[in-house]
Amino acid sequence: MIELTSWRYDPVRGEYGDADTQPEPPAGDISAVDQFRSKTVLLLGGTGFVGKVLLSMVLDRFPELKHLVVQVRRRRNMSGEERFRSEILGSPPLRSVVDRIGVDGILDRTSVVEGDLSFPMCGLGDETLARLKAEVDVVINSAGLVEFDPPLGESMITNVYGIRNLIDLVHALDARLVHVSTCYVAGKKSGRIPEDTPIVGYYPNRSGPDDMSFDVGRELAWCEEFIRETADKIAERDGGMERADHWGWMNTYTYTKSMGEQLIAATPGLRYAIVRPAIVESSMEFPFPGWNEGMTTSAPLVLMGGEGVKAWPVRKDGPLEIIPVDLIAAGILVVTAARLADRSRPVYHLATASENPVMLPRLVGFLGTNARYKHKHKKDGNRLANMWKAYIETEVVSVGKLDASRKRVRWGLDFLQAAFSFLKVILGARIMNPYLKSLRITRRQIRQQEQTLDKFLPFMIHNSFIFETGNIRQAYGMLTREDHQRLAWKPEEIDWADYWVNVHTKGIEKWIRPMFAREVRAADHG
Amino acid sequence: MSTEKPLKAAFFDLDGTLLSCNLVTTYAYYARNDRSLLKSAYQFVKVLINVPVFFGLDLYSRTLFNVFFFRAYKGMHRDRLIGLADDLFEVTLRRSIYAGSRALLEETRAQGYRNVLVTGALDFTIRPIDLHFGFDEIICNHLEFRNHVATGRVLPPLVAETGKAAIIRTYASQEGIDLESSCAFSDSTSDIPMLKVTGHPVATNPTRRLRKFALRQGWPVITLRDRGPGSSGYFPPFLRNPLATDQSG
């Protein structure tokens, strides 16, 4: 009789192996189940992409959870409670949990407080504070402004001043803190990024631990003066990016996020753990495959690839540090359990490349096959252009080559513009205006694509990161086997081809493309 | 003694049985969608030259054909095979699905059969087909890869001919399926061993040789090819009358 072997693809080695010989990860004695049974969690940023999946996962995986308090910001005429019901409980990632245990079942185990990071004590009143002080054991902060290049002041409100208020709150509650930051606080670096680099005084261009040029206090004073003197929002935006670049950060977001971390790490007696996710992408399995709502993910690139962009300036030997959002949620819960047991480390990278890297040229290939599929079956648009986009493959190019081809395109467009304007004089505006208009639209589209691509260049070609993830691996190993059934930290099992093609790309087409199309329409009318 | 009703399954072949494609059309698709137009053209010419060889081998031995055929995938990257699977389905497979296939699968499911696909086709091409039909179980071939690149070999056990029969037997014993009350559907004589394993073999869109054989054996013969969706007249007798197979109840 034939032996029916169950083959299992090993995505790291790129070959099949026997599924029955997979070793189980080591387990330890910290029980996340026990921790959550006896401890109360306060969650900030529950309306965000990560926050909602995290919330959904806690409710789904830990029915014995003692209590969860969710802080939600009031928005105009909507109270925090209303937003919790409509924007959180009514959202797709919560649907399966709501269906299973019902809104009442969730409200039995959760409560909502209205608050705002930008106010002292996060905007909580004395009465609420007194009540929470008796209850809350750990604060998870996943709130943050993730826009790469907002005006400096806006970024600081949430990512720096918000953290100051957060620290006061955690002190007042006598609780522990799990703070969600980003791997990219490392700044413009290349190679393996360790987790044990000292946080206080860090800046990417730092020459060593003795280099004391960067000091958050002094830096804040500088920022405040700069913002006071700068009236114009655009100048404030550029100023933020320039200041970030001066120290070696790639944008205002990572610069302010690092300052937030430094405030936390510099606070004496604070029991904290900082979780740094890499680029957070569509969910792999939970709450369902392909859930995505983040625009600061690789979504713009996938959408551009779908539009038929062919030349991609990426490193041939570098990985893209992407990670599915459900792994992030699981990772945060693992760290929270370790923090509650007071056996955590200061920093946890949540990333994939150190164990299971997906190289950039592979992603460019996926963008190519997706474009082929889309343009073959596209019903509208120019048929010849569709064929071109369907049968010409994406390619990896150097920045120099990209610049040259951009220049050629610009010359071509300039030539057309001149020709159309000339014809307008001869043939009249009525005939030529539609052509000129479509030329304007094409120009704008190309400009937008160039801008999007430029924003991602630091991640694709200027730097090549591999974030070390030994700490989360160690924390996962401290949890019990029972916890491992509920929370999976298994980046080595991501089959990138299946994930990118069948989960991530489809998730973006389903959840992000409509959002993006609305934004474009709004821009067209505006 | 178990009082539970024994599990029964319906085993389906794919190519020629539920749709009209075959392994070569699938491969030809990948060949003509290579990374550049020039490479595609080269690959496609290679396929054309190979077609008579494939055809001859297929007549001689399905197993040998398979071994020879999968060698053509050597050097292809798994990313591309997966990345183009949806397009392959839209371009070649979807339109080749027989009109009556879905109704048959719905009927077997409704009558308590576990729908099992047993095919020599490759896992990545099956995925969209599975999304379309929704099988309970899929037994198919897997290419061997080294560092994500196909080696040209297939992982054992090779799903073909007598291999299919052995695999079905193993599967049935693992899952506790009663083969006597199970049924099997296929179109070609190479699957006779697979058909014979179950109590209810059905020649489905049979080749002339299989039709002759089926008539001699007294097996039902059905055609899914030209039947309008929704009609249910041509199912084999044991499906039309559930009591005929429902021995325990």
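Residues numbered from 1 in each chain as written. Chains lettered and ligands numbered in written order. Predicted model: local features only at pLDDT ≥ 70, side-chain atom pairs only at ≥ 80, totals over all residues.

A.B. asks: I'd like a description of the overall build of chain A, backed by residues and values.
C.D. replies: Counting its secondary structure elements, chain A contains 18 helices and 15 strands. For chain A, whose C-alpha radius of gyration is 25 Å, the value lies close to the compact-globule estimate of 24 Å for 526 residues. The dimensions of chain A, computed from C-alpha atoms along their principal axes, are 80 × 80 × 50 Å. Classification of the 526 residues of chain A by burial places 44% in the buried group. For chain A, the proportion of contacts with a sequence separation of at least 24, taken over those separated by at least 6, is 83%. (Helix = DSSP H or I, 4+ residues; strand = E, 2+ residues; numbered from the N terminus. Rg over C-alpha atoms; globule rule 2.2 N^0.38 Å. Buried ≥ 20, exposed ≤ 12 C-beta atoms within 10 Å, placed from the backbone. Contact = placed C-beta atoms within 7 Å.)

A.B. asks: Mind laying out the overall build of chain B, listing which residues take part and the relevant values?
C.D. replies: Scanning chain B from terminus to terminus reveals 11 helices and eight strands. Its C-alpha radius of gyration of 19 Å places chain B within 12% of the 18 Å reference for a compact globule of 249 residues. For chain B, the spread of C-alpha atoms along the principal axes amounts to about 60 × 40 × 35 Å. When the 249 residues of chain B are sorted by exposure, 43% land in the buried category.

A.B. asks: Account for the confidence of the model for chain B, with residues named and values stated.
C.D. replies: Summary statistics for chain B give a mean pLDDT of 86 and a share of 90% for residues scoring 70 or more. Note that pLDDT drops below 50 for residues 241-249 of chain B; the model gives that stretch 10 contacts with residues more than four away or on any other chain. (pLDDT = per-residue confidence, 0-100.)

A.B. asks: Can you explain the sheet that holds strand β3 (residues 137-141) of chain B? Please cite residues and give values.
C.D. replies: All names here are of chain B. The sheet built from six strands is open, its strands ordered β3-β2-β1-β6-β7-β8 with parallel pairing. Every interior strand has two partners, whereas the edge strands, β3 and β8 (221-222), have only one. Pairing of strand β7 (residues 200-204) with β8 involves two bridges; the strand directions are parallel. Considered in β8, the bridge of A203 is made with V221. (Pairing = 2+ DSSP bridges.)

A.B. asks: Go over the pairing of β3 of chain B with me, naming the residues and quoting the values.
C.D. replies: Residue and element names in this part refer to chain B. With four bridges connecting them, strand β2 (residues 113-122) and β3 associate as parallel partners. Bridge pairing in β3 places V118 opposite I139. For the segment spanning β2, helix α7 (residues 123-133) and β3, crossover handedness is right-handed. (Right-handed = clockwise from strand over helix to strand, strands pointing away.)

A.B. asks: Tell me about the interface of chain A and chain B, and please be specific about residues and values.
C.D. replies: Every contact between the two is made by 20 residues of chain A and, on the other side, 27 residues of chain B. Counting residues per element, the ones that place at least two in the side of chain A that touches chain B are β2 (15-18), α12 (360-376) and α18 (496-525) of chain A. With seven residues, the single largest contributor to the side of chain A that touches chain B is α12 of chain A. Split by residue class, the side of chain A that touches chain B holds 10 nonpolar, four polar and six charged. (Nonpolar A, V, L, I, M, F, W, Y, C, P; charged D, E, K, R; others polar.)

A.B. asks: I'd like to hear about the domain arrangement of chain A, residue by residue, with values.
C.D. replies: Residue and element names in this part refer to chain A. Here chain A is described as being made up of domain 1 (23-278 + 321-354 + 468-494) and domain 2 (297-320 + 357-464 + 495-526). Inter-centroid distance (C-alpha atoms) of domain 1 to domain 2 is 34 Å. Contacts between the two partners involve nine residues from domain 1, matched on the other side by 13 residues from domain 2. By residue class, the composition of the side of domain 1 that touches domain 2 is five nonpolar, one polar and three charged. (Domains from an automatic or database assignment.)

A.B. asks: Quick one: what's the story with unusual backbone geometry, residue by residue and with numbers?
C.D. replies: In this structure, P287 of chain A follows F286 of chain A across a cis peptide bond, with omega equal to -5 degrees. Tracing the sequence through the fold places P287 of chain A in the loop between β10 (279-281) and α10 (299-307). Between P156 of chain B and the following residue, P157 of chain B, the backbone shows a cis peptide bond with an omega angle of -5 degrees. Along the polypeptide, P157 of chain B turns up in the loop between β5 (149-154) and α8 (161-175). With a phi close to 45 degrees, R76 of chain A is a non-glycine residue in the positive phi region. Along the chain, R76 of chain A falls in the loop between β4 (67-72) and α3 (80-89). A positive phi is found at H148 of chain B, a non-glycine position, where the angle reads about 70 degrees. With respect to the helices, strands and loops of the structure, H148 of chain B is situated in the loop between β4 (143-146) and β5. Given 19 C-beta atoms within a 10 Å radius, H148 of chain B is considered partly exposed.

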